[in-house]
Amino acid sequence: MISRWANLKPKAVALRREGNSIGSIENMLGIPRSTLSGWFRSVPLTKKQQNNLKKRWEQGLVNARVKAVHWHNAQKKKRVEEAVQIGAEILKRIPNDAIMLELALAFLYLGEGSKKHGQTGLGSSDVRIAKFFIRCMKEIYAVPTEKIRCYLHLRADQSPEKMKRYWSKELLLPPTNFGKASIDKRTVGKTTYSHYKGVCLIECGRVDIQRRLMYIANGFCDRVS
């Protein structure tokens, strides 16, 4: 049985002898790869042609990986933008009142707050969380500034005085509100990333706030579970 592509065989073979890949000939002539493979079994390639085809194949893999990275990055950017948009819409529907503020604080405290007896406190390396906690202590529970105590937990190569100035400025608290810093001796000889400013433990000394927050968080979980 004569192949429907038989009239193109001489041209295909000539292209192959010039060192073209099967894939490129398939694209140029529209002949199926399986047909070309059968035709080219008896068409030898020089060592130089084989090396050129190998180099083009390897470069094709590199180009494909680059395209894949660009595609994945574009998809990731799209997902991030969608998440931001959805988050913004949700935030618009959340009431900005004292009840919602305390509920948010209760769940933050359930995960990150101190559970030890006789103390309401929270530690974080995130300045935003620390600011939020202090704002809530002042606005919801009227805790005076002088009652808020901060204790820094630092790595060995961090300056306690420098870090105290940083946290004092960010949290709008006087340096006198900061106690002695703790240094992690396990980090001696290890370099700290410049963006890491240690952990700031904030305490206000009122256990009644801790009990109230834990009751709110646990009670809300029980209600929706």
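Just so it is clear, the model here is predicted, and its values are computed rather than measured.

A.B. asks: Looking at this structure, how should I read the overall build of the protein?
C.D. replies: Scanning the protein for helices and strands turns up 8 helices and 4 strands. For the protein, the N- to C-terminal ordering of α and β elements is α-α-α-α-α-β-α-β-α-β-β-α. Its C-alpha atoms give the protein a radius of gyration of 33 Å, more than 25% over the compact-globule value 17 Å for 225 residues. With the C-alpha coordinates of the protein rotated into their principal frame, the extents come out at 95 × 50 × 25 Å. Counting only residues that meet the buried cut, the protein has 30% of its 225 residues in that class. Expressed as a percentage of contacts within the protein between residues at least 6 apart in sequence, the contacts between residues at least 24 apart total 76%. Per element, the accessible surface of the protein, about 15,600 Å² overall, is 56% carbon and sulfur. For the protein, the distance from the average position of its 42 positive side-chain charges to the average position of its 19 negative side-chain charges is 12 Å.

A.B. asks: It is not clear to me how unusual backbone geometry should be interpreted in this structure. Could you clarify?
C.D. replies: In most cases, non-glycine residues show a negative phi, while peptide bonds are predominantly trans. Of note in this structure, A142 is not a glycine but carries a positive phi near 55°. Using a relative accessible area of 58% as the deciding quantity, one classes A142 as exposed.

A.B. asks: How should I be thinking about the packing of aromatic side chains in this particular structure?
C.D. replies: By convention here, two paired aromatic rings are described through the distance between centres and the angle between planes. Tallied over the full model, the rule gives 3 aromatic pairs. Taking 5.7 Å as the distance between ring centres and 85° as the angle between the ring planes, the aromatic pair formed by Y166 and W167 counts as edge-to-face. Judged by its relative accessible area of 0%, W167 falls in the buried class.

A.B. asks: What exactly am I supposed to notice about the layout of surface pockets here?
C.D. replies: Summary: where empty space remains is shown by rolling a probe the size of a single water molecule over the atoms. What the largest pocket holds in volume is close to 230 Å³. Lining the largest pocket we find L91, I94, P95, N96, D97, M100, L101, A104, F132 and R135. Looking at the lining of the largest pocket, the elements that each hand over two or more residues are helix 5 (98–112) and helix 6 (127–139). The element best represented in the lining of the largest pocket is helix 5, accounting for 3 residues.

A.B. asks: Would you explain the pairing of strand 4 (residues 199–203) in this entry?
C.D. replies: The side chains of a regular strand alternate between the sheet's two faces. The sheet contact formed by strand 1 (residues 121–124) and strand 4 spans 4 bridges and is antiparallel. Pairing of L122 across the sheet is with I202, part of strand 4. As defined by bridge partners, strand 2 (residues 149–155) adjoins strand 4 across 5 bridges and the pair is classed as antiparallel. Counterpart to H153 in the pairing with strand 4 is V199.

A.B. asks: How should I be thinking about helix 2 (residues 22–29) in this particular structure?
C.D. replies: Given 3.6 residues per helical turn, the α-helix brings residues three or four places apart onto the same face. G23, I25 and L29 are the residues of helix 2 that are buried. All buried residues of helix 2 fall inside an arc of 165° around its axis, so they share one side. A positive backbone phi angle near 75° is found at G30, which sits one or two residues after helix 2.

A.B. asks: Could you clarify how one ought to interpret the nonpolar core in this entry?
C.D. replies: For soluble globular proteins, nonpolar side chains are generally found buried alongside one another. Of all hydrophobic cores here, the largest spans 30 residues; its most connected members are L105, M137, W167, L171, C200 and I202. For this core, the element with the highest residue contribution is helix 6, accounting for 6 residues. If we ignore the near neighbours within four places in the chain, the residues touching M137 are L105, T120, A142, V143, C204 and I209. Counting residues in hydrophobic clusters, the runner-up holds 11 residues, among them W5, L29, I31 and F40.

A.B. asks: Explanation requested: a nonpolar patch on the surface in the structure shown.
C.D. replies: Taken together, the side chains of I86, I90, L91 and I94 present a nonpolar region at the surface, about 370 Å² in accessible area. Positionally, I90 belongs in helix 4 (residues 47–93). In this structure I90 comes out as partly exposed when scored by relative accessible area, which is 39%.

A.B. asks: Sorry, what's going on with the side chain of S114 here?
C.D. replies: Mapped onto the elements of the fold, S114 is located in the loop between helix 5 and strand 1. For S114, a relative accessible area of 17% gives the class buried. Setting aside chain neighbours within four positions, we find S114 in contact with Y109, Q119, G121 and Q210.

Calculation rules
Residues numbered from 1 in each chain as written. Predicted model: local features only at pLDDT ≥ 70, side-chain atom pairs only at ≥ 80, totals over all residues. Heavy atoms only, no water. Helix = DSSP H or I, 4+ residues; strand = E, 2+ residues; numbered from the N terminus. Rg over C-alpha atoms; globule rule 2.2 N^0.38 Å. Buried < 20%, exposed > 50% of the residue type's maximum accessible area, 1.4 Å probe, protein only. Contact = heavy atoms within 4.5 Å. Areas by Shrake-Rupley, 256 points an atom, 1.4 Å probe, with all protein chains shown as cover. Lys, Arg positive; Asp, Glu negative; His and termini not counted. Charge placed at Lys NZ, Arg CZ, Asp CG, Glu CD. Phe/Tyr/Trp six-rings, centres within 6.5 Å; stacked < 30°, edge-to-face > 60°. 1 Å grid on protein atoms, 1.4 Å probe; cavity = no way out; pocket = protein on both sides within 12 Å on 5 of 7 lines; lining within 4 Å. Points joined across faces, edges and corners; volume = space filled by probe spheres on them. Pairing = 2+ DSSP bridges. Arc of directions from axis to C-beta. Core = buried A, V, L, I, M, F, W, Y, C linked by side-chain atoms within 4.5 Å. Patch = residues over 30% accessible without salt bridge, like charges linked within 9 Å, V, L, I, M, F, W, Y side chains within 5 Å. Salt bridge = Lys/Arg side-chain N within 4 Å of Asp/Glu carboxyl O.

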